[in-house]
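Descriptive structure summary
This is what each chain is made of:
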Amino acid sequence: MRTPATLGHSDGLQALLLEWLDGHSLSARWTKSTADLAAVESAGSALAALHQLPMPKLPRRDKQSVAASIAAMKSDAHIFGPETAQRVGDLAGSCLALHGQTSEQTVAVHGAFHPGQIIIAANGAVGLLDFDRACRDHPYADLGTFLAELERLVLAGRCSAEEGQRLQSALLAGYFASDPQRESATVSLFTSIALLKRVHEPFRLREASWRTQTAALLSRASELLETAQLTRRSKSSQRTT
């Protein structure tokens, strides 16, 4: 994993001068060929390495602050009309309830981990950019952000469902290579939360079919949330028996 070195800064301008990382953005190449699967897997490994770094001075996002951000989705949904606002509110409430059951573990997270923030060098090394949203949060928050971007590509028709599944598997294989104890339900939950946070994007980006795309986003977020709920119930029943 590479991160750009800080070459200079200005407190007055609130600006940083960072090293240029040579390579290509993962967003520009991750659906081009099967070779990109290796790049996505490497990105997962790089994220796992980031999550292992001790950074105690980063601000911490506890459950209360995450709950507040989820609740804010409900209050902001009125711009879509009553029916869509109701769906957003219901999903936000379900996400909030399930999030309350997750562990309190926090690690150093990127905060906006998506393909546009990942640079793949010619030798395959992975560089990570733009840490302005870095904080201490649940490690799966970064996974959810990345996978939500992948879900958006599939829903927009820019990536087939089969390609999307291969890319998702590659990311998770890289991330969990050193720790196979994955919590599938929690990954699905954070992906659903990240999709819900993107529900305004079709409207904000002035897409002609924004209503249809918004409905598709909500439907997929609902499917992932239901998967998370079913998986958690199944594991819970296995423990009790």
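The present account deals with the structure reproduced in this document. Each chain has its residues counted from 1, running along the sequence as written. Where totals are concerned, whole chains, interfaces and linings use all residues; where local detail is concerned, this predicted model gives features only for residues with pLDDT of at least 70, and gives and counts side-chain atom pairs only at 80 or more. As a rule here, side-chain values cover all heavy atoms of the structure and leave hydrogens and water aside.

1. Side note on the sheet that holds strand S3 (residues 24-25)
- With antiparallel pairing, three strands are arranged side by side in an open sheet as S3-S5-S6. For this open sheet the edge positions go to S3 and strand S6 (126-128), each flanked by a neighbour on one side alone.
- If DSSP finds at least two bridges between two strands, the strands pair. We count a stretch as a helix when DSSP gives it H or I for four or more residues in a row; a strand needs E for two or more, and each element gets its number in order from the N terminus. Pairing geometry for S3 and strand S5 (residues 118-120), over two bridges, is antiparallel. Each bridged residue has a counterpart across the sheet, and for Ser25 the counterpart in S5 is Ile119.

2. Some remarks on helix H3 (residues 82-99)
- Expected span, for any helix, means 1.5 Å times one less than how many residues it has. Here H3 spans 25 Å end to end across 18 residues, near enough to the 26 Å set by a 1.5 Å rise per residue.
- Listed as buried for H3 are Thr84, Ala85, Val88, Gly89, Leu91, Ala92, Cys95, Leu98 and His99. Exposure categories follow from relative accessible area, calculated using a 1.4 Å probe and restricted to protein chains: below 20% of the type maximum is buried, above 50% is exposed, and the middle band is partly exposed.

3. Observations regarding the pattern of salt bridges
- One side-chain nitrogen of Lys or Arg within 4 Å of one carboxyl oxygen of Asp or Glu is enough to make a salt bridge. Across all of its chains, the model carries eight salt bridges by this definition.
- A salt bridge links Arg198 to Glu149; the nearest nitrogen and oxygen atoms lie 2.8 Å apart. Of the two residues, Arg198 is situated in the loop between helix H6 (184-197) and helix H7 (201-204) and Glu149 in helix H4 (residues 140-155); the sequence distance between them amounts to 49 residues.
- For Arg198, a relative accessible area of 12% translates into the label buried.
- One salt bridge connects Glu201 with Arg152, and the closest N-O pair in it is separated by 3.6 Å. With a gap of 49 residues between them, Glu201 in helix H7 and Arg152 in helix H4 connect regions that are remote in the sequence. Like Arg152, Glu201 is buried.

4. Some words on the packing of H4 against helix H5 (residues 161-175)
- Following both chains from N to C, one finds H4 and H5 inclined at 165 degrees, their axes separated by 9 Å at the closest point. The angle between the axes of H4 and H5 places the two elements in the roughly antiparallel class. Crossing angle aside, the handedness with which H4 passes H5 is right-handed. Counted together, Tyr140, Leu143, Phe146, Leu147, Leu150, Glu151 and Val154 of H4 and Ala161, Gly164, Leu167, Gln168, Leu171, Leu172 and Tyr175 of H5 form the full contact between these two elements. Lines fitted to the C-alpha atoms define the axes, with helices restricted to the stretch that makes contact. Angles between their N-to-C directions range from 0 to 180 degrees. Orientation labels follow simple angle bins: below 35 degrees gives roughly parallel, above 145 gives roughly antiparallel, 65 to 115 gives roughly perpendicular, and whatever is left gives oblique. Each crossing is labelled by how the near helix is turned from the far one, with a counterclockwise turn of less than a right angle marking it left-handed and a clockwise turn marking it right-handed. We call two residues contacting when some pair of their heavy atoms lies within 4.5 Å.

5. Side note on the pairing of strand S2 (residues 15-18)
- As defined by bridge partners, strand S1 (residues 6-10) adjoins S2 across four bridges and the pair is classed as antiparallel. Its bridge partner being in S2, Ser10 is matched across the sheet by Ala15.

6. Some thoughts on H5
- The end-to-end C-alpha distance of H5, which contains 15 residues, comes to 21 Å, matching closely the 21 Å that a straight helix rising 1.5 Å per residue would cover.
- Within the span of H5, buried status applies to Gly164, Leu167, Ala170, Leu171, Leu172, Gly174 and Tyr175.

7. A few points about the pairing of S1
- Here S1 lies mainly on the outside; zero of its five residues are buried.
- Between S1 and S2, which follow one another and run antiparallel, lie four residues, and Gln14 among them has a positive phi close to 50 degrees.

8. As for the nonpolar core
- By size, the foremost hydrophobic cluster in this structure holds 29 residues, and its most contacted members are Leu26, Ile118 and Leu143.
- Elements with a minimum of two residues in this core: helix H1 (35-51), S5, S6, H4, H5 and H6.
- Every residue in contact with Leu143, bar those within four places of it in the chain, is listed here: Leu47, Leu171, Leu172, Tyr175, Phe176 and Val187.
- Met73, Leu91, Ile193 and Leu224 belong to the second-largest nonpolar core, a separate cluster that totals 26 residues. Among the buried residues, those of types Ala, Val, Leu, Ile, Met, Phe, Trp, Tyr and Cys that are joined through side-chain atoms within 4.5 Å form a nonpolar core.

9. What about the packing of aromatic side chains?
- Between rings of Phe, Tyr and Trp, where Trp is taken as its six-membered ring, a pair exists when centres lie within 6.5 Å; planes separated by under 30 degrees are stacked, by over 60 edge-to-face, and by other angles tilted. The full count for this structure, using the stated rule, is five aromatic pairs.
- Pairing Tyr175 with Phe176 gives two aromatic rings, centres 4.9 Å apart and planes at 85 degrees, and the pair type is edge-to-face. Each member of the pair, Tyr175 as well as Phe176, carries the same accessibility label: buried.
- Summarising the aromatic geometry, the rings of Phe203 and Trp210 are spaced 5.0 Å apart at their centres and angled 70 degrees between planes, so their arrangement reads as edge-to-face.
- Taken together, the aromatic side chains of Phe80, Phe203 and Trp210 make up a single cluster linked through ring pairs.

Geometric values such as these leave the question of function open.
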